[in-house]
Amino acid sequence: MSDNSDVEVEDEEEYKYGLQDDSEPQDTRPTVVLMGQKRSGKTSIRKVVFQKMSPNETMFVESTARITKDTVCSSFINFETIEFPGQMCPFDHTLDPVNTFKKCGALLFIIDAQDDYTDAIRKMADYFAKAYRINSKIKFEVFVHKADGLTEENRVETKFEVYHAVKEELKELGIKDLQVTYHLTSIYDHSIFEAFSKVVQNLVRQLPTLERLLDIFNQGSNVTKSFLFDISSKIYVATDSLPVEMSIYELCCDMIDVTLDISSIYGSGEYGIPFDEHSAAVIKLKKTESWSFYSAKSIDSWHSSRLCAVRTSKSRDISNTTSPVSRRASKKYST
Ligand SMILES: Nc1nc2c(ncn2[C@@H]2O[C@H](COP(=O)(O)OP(=O)(O)OP(=O)(O)O)[C@@H](O)[C@H]2O)c(=O)[nH]1
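Quantities reported herein were computed from a predicted structural model and do not represent experimental measurements.

Unusually for a residue other than glycine, arginine 39 sits at a positive phi of about 65 degrees. The topology assignment puts arginine 39 in the loop between β1 (31-36) and α2 (42-50). For aspartate 96, which is not glycine, the phi torsion reads 50 degrees and is therefore positive. Tracing the backbone shows aspartate 96 in the loop between β3 (78-83) and α3 (97-102).

To continue, consider the site of the ligand. Near the ligand, the surroundings consist of 22 residues, among which Thr43, Ser44, Ser63, Thr64 and Asp148 are the closest. In the model, an oxygen atom of the ligand is placed 2.5 Å from a nitrogen or oxygen of the serine 44 side chain. In the model, a nitrogen atom of the ligand is placed 2.7 Å from a nitrogen or oxygen of the aspartate 148 side chain. When the ligand is considered free in solution it has 660 Å² of accessible area, and contact with the protein chains removes 92% of it. If one sorts the elements of the shell around the ligand by residue count, α2 sits on top with three residues. Across the shell around the ligand, the residue classes break down as four nonpolar, 12 polar and six charged.

Turning next to the environment of alanine 195. Relative to the helices and strands, alanine 195 resides in helix α6 (residues 191-201). On the basis of relative accessible area, alanine 195 is assigned to the buried category, the value being 3%. Distance from alanine 195 to aspartate 115, taken between C-alpha atoms, is 21 Å for residues 80 residues apart in sequence. Ignoring anything within four residues of it in the chain, the contact list for alanine 195 reads Phe143, His183 and Thr185.

In total, this model carries zero disulfides according to the counting rule given. Lacking any disulfide linkage, cysteine 89 is separated from the closest cysteine sulfur, that of cysteine 104, by 15 Å. For cysteine 89, a relative accessible area of 31% corresponds to the partly exposed category. Among the cysteines around cysteine 253, which has no disulfide bond, cysteine 252 carries the closest sulfur, lying 7.1 Å off.

Another aspect to go through is the nonpolar core. Among the nonpolar cores identified, the biggest contains 39 residues, and Ile45, Leu108, Phe143, Phe196 and Phe229 are the most heavily contacted of them. Secondary-structure elements contributing two or more residues to this core are β1, α2, β4 (104-112), α6, α7 (207-221), β7 (223-230), β8 (235-239) and α8 (246-266). Other than its neighbours up to four places away in sequence, leucine 108 contacts Val32, Val33, Leu34, Met35, Glu141, Phe143, Phe196 and Val199. Of all hydrophobic cores here, the second largest spans 33 residues; its members include Ala120, Ile134, Val144 and Ile175.

Considering all chains together, one arrives at three cavities of 30 Å³ or more under this definition. Considered as a void within the structure, the second largest cavity measures approximately 40 Å³ in volume. Forming the walls of the second largest cavity are Met35, Gly36, Phe84, Pro85, Gly86, Met88, Pro90, Phe109, Lys123 and Tyr127. Looking at the lining of the second largest cavity, the elements with two or more residues in it are β1 and α4 (118-134).

Moving on: the sheet that holds strand β5 (residues 139-145). The strand order across the open sheet formed by six strands is β2-β3-β1-β4-β5-β6, and the pairing between neighbours is mixed. With one partner strand each, in any of the chains shown, β2 (68-73) and β6 (180-184) form the two edges of the open sheet. Averaged over all neighbouring strand pairs, the angle between strand axes comes to 20 degrees, with direction disregarded. Taken strand by strand, α2 contacts β1, β2, β3, β4 and β5, and its axis lies near 150 degrees from that of β3.

The next thing to look at is the packing of α4 against helix α5 (residues 152-172). Close contact between α4 and α5 brings their axes to 9 Å; oriented N to C, the two are set at 50 degrees. Judged by the angle between their axes, α4 and α5 are oblique. With respect to the hand of their crossing, α4 and α5 are arranged in right-handed fashion. In this structure, α4 contributes Ile121, Arg122, Met124, Ala125 and Phe128 to the contact, and α5 contributes Val162, Ala165, Val166, Glu169 and Leu170.

Reading the values: the criteria
- Within every chain, residues take consecutive numbers counted from 1 along the sequence as written.
- Reporting of local features is limited, given that this is a predicted model, to residues whose pLDDT is at least 70; pairs of side-chain atoms are given and counted only at 80 or more, and all residues count toward the totals for whole chains, interfaces and linings.
- Remark: hydrogens and water are excluded; side-chain values derive from all non-hydrogen atoms of the structure.
- Strands here are runs of E lasting at least two residues and helices are runs of H or I lasting at least four, both read from the DSSP assignment and numbered beginning at the N terminus.
- We call a residue near a molecule or strand when any one of its heavy atoms sits within 4 Å of it.
- Polar contact is the term for a pair of N or O atoms within 3.5 Å; when the atoms are in protein, one must be able to donate a hydrogen and the other to accept it, and sequence-neighboring residues count only if both atoms are side-chain atoms.
- Accessible areas in this description were obtained via Shrake-Rupley with a 1.4 Å probe; residue shielding takes into account the shown protein chains only.
- Amino acids outside the nonpolar list (Ala, Val, Leu, Ile, Met, Phe, Trp, Tyr, Cys, Pro) and the charged list (Asp, Glu, Lys, Arg) are all regarded as polar, and Gly is one of them.
- In this scheme, a residue with accessible area under 20% of its type's maximum is buried, one over 50% is exposed, and one in between is partly exposed, where area comes from a 1.4 Å probe on protein chains only.
- The contact criterion used is simple: two residues touch if any of their non-hydrogen atoms lie within 4.5 Å.
- Sulfur atoms of two cysteines make up a disulfide when they are within 2.5 Å.
- For our purposes a nonpolar core is just a set of buried Ala, Val, Leu, Ile, Met, Phe, Trp, Tyr and Cys residues, chained together by side-chain atoms within 4.5 Å.
- Whether a set of points on the 1 Å grid over the protein atoms alone is a cavity depends on a 1.4 Å probe fitting there but being unable to get out, while an open set qualifies as a pocket with protein on both sides within 12 Å along at least five of seven lines; lining residues are those with an atom within 4 Å of a point.
- Grid points are joined across faces, edges and corners, and a volume is the space filled by probe spheres set on the points.
- At least two bridges found by DSSP between two strands is the condition for calling them paired.
- Note on geometry: axes are lines fitted to C-alpha atoms, helical ones only across the stretch in contact, with angles between N-to-C directions running from 0 to 180 degrees.
- Each angle is binned into one of four classes, with values under 35 degrees roughly parallel, values over 145 roughly antiparallel, values of 65 to 115 roughly perpendicular, and all other values oblique.
- For a crossing to be left-handed, the near helix must be turned anticlockwise from the far one by less than a right angle; the clockwise case is right-handed.

Take a look at the structure:
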């Protein structure tokens, strides 16, 4: 009897999502640490993804002078971001690096792809090696950032160059098993949300279960692709097992924007968020009748994760499908 109850408690812990209460101790949250050279774009990324700042406004963001901590908390997402200013060494013993990196879930290093990144890579390899020695479970991620300023050809080349340079540096430091993931990002398109989604997914313990549930949902509902979104940040916490097409992800992001814009006018905003547990949205695109977007009712009533599904009656390629909103967005994002 006691054995069974132990198993139940363990199961509950495993499938409990997020922390329901802001008063929970901060220490239980994993952290996402952001590092990079000065002006590489760390603050801009945080502000655009989590505080809804428009990309153009980031030009007026002041240089960060102190370590900045923020809590990001909704149904499946629950972590703290820590940004270290470019001029500060996170491994200075006065900053208690052991404590910081023991609870670090993901370490993001932002590289300005429009600048000379030789020094940045050297510094990054050194920081990665030090963090790895403290906690080998950290997920190491590199954002090859400001990719909007590069041609399509240059983007691939730059990513490749960074990949090789990091590998060489780590080899010299005697680190062999460290896995690094690379993302090409820009705040002027959806790539930053996509990349952050991948980072966050690595921190979601229930990911395989969520993927399986979304597969079952697709089969039972004639849905082609479904995402579980945190609507406030447009991060997708999970998706089904089919590969993600950027165009579908962008379409969903646009639909979330429309839904939130309309909700902010007509929603009741009872809990301080316009899109609450009484809200739902179905959007049908005019020229592509077979595509629908569904934002299902909230999965938990207090937080903001929503299931978004794209449905089609027949299989087709939507890579050239742009909704009026997509066109508006690409205009908005053009630099
Ligand atoms: N073109 C382009 N510019 C960007 C992008 N992201 C950030 N920037 C610009 O880069 C500049 C520096 O951005 P910040 O966010 O202040 O950089 P930071 O890394 O926080 O800098 P410190 O606080 O000094 O460490 C700003 O003018 C941003 O507008 C991007 O994706 N593309």
